[in-house]
Amino acid sequence: MSSAVDRVRLKDFSSIALSTFYKGLEEAIRIDRMPHIFCPGCGLGIVLKGLAEAILKSGIPIEKHVGVSGIGCTGRLPGYLKIDAYHVTHGRPIAFAVGLKLANPELEVTVVGGDGDIVTIGGNHFIHAARRNHDINVIIVNNFIYGMTGGQYGATTPVGSYTTTSPHGHVEYPFNIPLLAYAAGATFIARWTPIHYAQMVDTFIQMFEHKGFAVVEIIAPCVLYGERNRFPSYTDMVKYFRDRCVIDNEADLPKIGISLDPKEPLVIGVFHKVRKKTYEELYRELIERVSKGGAKE
Amino acid sequence: MPGLLRPGKYFMQGNIAIGEAALIAGCRFYAGYPITPSNEIAEWMSRRLPEVGGVFIQMEDEIGSIVAVLGASAAGVKAMTATSGPGFSLMMESVGLASMMEIPSVIVNVMRAGPSTGIPTLVGQGDIMQAKWGSHGDYEIIAYLPNSVQEAFDFTIKAFNTAERYRIMTMVLADQVIGHMMGKLIVPDYSEVELVEREKPTVSPDQYLVADSRYLIPPMAIAGAGYRVNYDSLTHDDRGYPSVDREVSFRLVQRLVRKIRENERKIAEWEEYETDDADLLMVAYGCTSRSVKEVVKKLRREGFRVGLFRPKTAWPFPWWRLRELSERVNKILVVEINMGQMVHVVREYAARDIDIMHVPYAPGYMPDPGYIEGIVRKVYGA
Amino acid sequence: MRLLNLEKLFIPIGRLRVEPELCKGCGFCIEFCPRKVLDFSEEVNSKGYHYPIIKRGMEDLCTACGMCQRICPDYAIYLERIDKIPASKLVR
């Protein structure tokens, strides 16, 4: 006997009609799992659509795309895509992705995680994978909070924020993800919001094409953050993005930290794109050198 | 097979034997972190893997290492890591991950003196319980206890085989003495070495179920093979989608442990030495069993009816044989380099009224035969 | 001033389709419609959310920009088709 949740899902959504906009996306989205669990006002539904569209337009066969995610709301995202998806433990998707890519460099590996998973608990794996310039993609959906567990603070929560574990106001400084990625050695760095849909999809496609460690930060609305911090209704945060976002591809990274202050601009764009030999390329060269009997010792 | 250790006789270090065995077993990915006394394995693999077209990477920490091993195995490559106590503790969450996602993998734990940082260069056997119970929730693993360089070699190959056959994480619990000692190794003809590969799906992608409960051990689709499946660390249904349904979740947990519990008689191994007419049964494993065997040999010459039961697998523990033996002997004496681990398992399974004594010995060294002999003589009242 | 040949100029009009059961009432489509043709419904779906409807009298004012179907996180609103009507019909 299945639970009440499953019964509602199957009964009400068995006849989903989709327009031409979505017909193509059916190839990449698990329609049988709709509706997804994301809250009203959550940006993840839009990121899911955008990623599905980018996968289909990437020119890489969908069988070669692999999604790896950790724990949290964002971690649920690859499970809604019709790709090989690995939903691993909290903070560890980047290490898993490293193993996948080294074992089969033909795979197009994309890590999808939240700010908590990737740069808080997963911070160590993030900076080292960036340092080595593994040819993997990392999409960090930053909602400034740990959403799945009810709204605790994380490494990107702005100073002064009210969260369930900072009820008197947050007293920590947050990470500036593009700056962190740059300092660690990432070779492709971008930041968008879900309402910059066309740019987001285009950047995802560039991310797939890029050879090297690619980091795309998506600033996302979250009701758990918003309702305690000046964005009480579902549309307040996206209105703030629409009004205060400034696209500046040449931005000085140390200056683009996020405070969510309505008087400050929120800088987005594709900030950094360079080509440097990837770990996989360097190791392949090593194997060729060694198996020809050219070992150092 | 170019690059592999050729059949023949060698005099080799235990850790190196483990590395060479892994290569013969088909391991082509190693991710690890430096930790004494297992470093020789990592260093050897960093040299040998590129020679056979494999990949070595030294990760930022043990957690990254074991997770990368699982990633590589998910992509279809046999993968391992080696560590010691402190790293083993860090890897515990991933024991559960490997179990839930049913990804074959091997951890070699060259056990050292603990607790905590302990004595990195000296021996301990204090990770026996942790191997079985260290992660949260319900799962099963297989753990081997080599007591010689030859067994370090043989059991590493077995560890890869059982990992592939049962789609679980297996462990080789060598101790520092076995890892660092030099010993005789005979590499057999490759035709005599059984190698097991994980079962591949035989149906088309639209009929394949990643956690098909019609199988005890479902065939495994690897990443990029076109099956496009969801592997989830959340409790999931047959399709791999997360589920909170009562029946679905219980069925999954049961299947995950049944894989080993229903096959334990095939998997568990042990050695018996002079147990046929023994009245005192010694239980020991790893390097300790070498000292104990010396004692048994010597005391037998004097007429003491002492025997040795040596588990070669800590888990599954060969409890049925221990119970049989315990019904025939008067006393059991467990000797181990820890303050009491396998003795609990012995107490759990031995005949109810039998006298079970324990020699906890945890100074960082093997108990030498003289020390054990003194204890055994006292037991006999001699 | 009157523009000539308005009957030869065709204006695209979007015909929107809403799946009320998929909507979670976030209001993004209503907020981001450049022509403000959408509003919340009076009724609720089976989960209690108000879903978007086209305001009365504004059925022909959707320009088929597609913003709503891009921005909707739940696939609940999309352009079902684009009609073309002569501009002469729109001008008063």
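Preceding block: the structure.
None of these values were measured; they are calculated from a predicted model.

Section: the overall build of chain A
Move 1: Helix and strand counts for chain A come out as eleven helices and eight strands.
Move 2: By the compact-globule yardstick of 19 Å for 297 residues, chain A fits well, its C-alpha radius of gyration being 20 Å.
Move 3: With respect to the three principal axes, the spread of C-alpha positions in chain A is 65 × 50 × 35 Å.
Move 4: For chain A, the proportion of its 297 residues judged to be buried stands at 52%.
Move 5: A sequence separation of at least 24 residues applies to 66% of the contacts in chain A between residues at least 6 apart.

What about helix α3 (residues 62–74) of chain B?
Residue and element names in this part refer to chain B.
Move 1: With 13 residues, α3 should cover 18 Å at 1.5 Å per step; its first-to-last C-alpha distance of 18 Å lies within 8% of that length.
Move 2: Buried residues dominate α3, accounting for 13 of its 13 residues.
Move 3: Looking one or two residues past α3, Gly76 carries a phi angle of roughly 100 degrees, positive in sign.

Regarding the sheet that holds strand β13 (residues 280–283) of chain B
Strand pairing in a sheet takes place through backbone hydrogen bonds and is either antiparallel or parallel in direction.
All names here are of chain B.
Move 1: Pairing in this open sheet of five strands is mixed, and the strands run β12-β14-β13-β16-β17 from one edge to the other. Taken across any chain shown, the strands that pair with only one partner, and hence form the sheet edges, are β12 (270–273) and β17 (355–360). On average, each strand axis in the sheet is tilted by 20 degrees relative to the strand beside it, whichever way the strands run.
Move 2: Sheet analysis places β13 next to strand β14 (residues 306–311), joined by four bridges and oriented parallel. By the bridge assignment for β14, Leu281 is matched with Gly307.
Move 3: Across the sheet, helix α14 (residues 369–379) is in contact with β13, β14, β16 (331–336) and β17; its angle to β16 comes to roughly 160 degrees.

Regarding the sheet that holds strand β9 (residues 169–172) of chain B
Residue and element names in this part refer to chain B.
Move 1: Taking strand neighbours across the sheet as the criterion, the seven strands line up as β3-β2-β4-β5-β9-β8-β15 in an open arrangement whose pairing is mixed. In this open sheet, the two strands that pair with only one neighbour each are β3 (55–58) and β15 (313–315). Going across the sheet, the axis of each strand differs from the next one's by a mean of 20 degrees, ignoring polarity.
Move 2: Note: strand β4 (residues 79–83) against strand β5 (residues 105–109), four bridges, orientation parallel. Pairing of Ala82 across the sheet is with Val108, part of β5.
Move 3: On the sheet, helix α2 (residues 39–51) packs against β2 (29–32), β3, β4 and β5 and is oriented at approximately 145 degrees with respect to β3.

So, how was this worked out
- Residues numbered from 1 in each chain as written.
- Chains lettered and ligands numbered in written order.
- Predicted model: local features only at pLDDT ≥ 70, side-chain atom pairs only at ≥ 80, totals over all residues.
- Helix = DSSP H or I, 4+ residues; strand = E, 2+ residues; numbered from the N terminus.
- Rg over C-alpha atoms; globule rule 2.2 N^0.38 Å.
- Buried ≥ 20, exposed ≤ 12 C-beta atoms within 10 Å, placed from the backbone.
- Contact = placed C-beta atoms within 7 Å.
- Expected span 1.5 Å × (residues − 1).
- Pairing = 2+ DSSP bridges.
- Axes fitted to C-alpha atoms, helices over the stretch in contact; angles between N-to-C directions.

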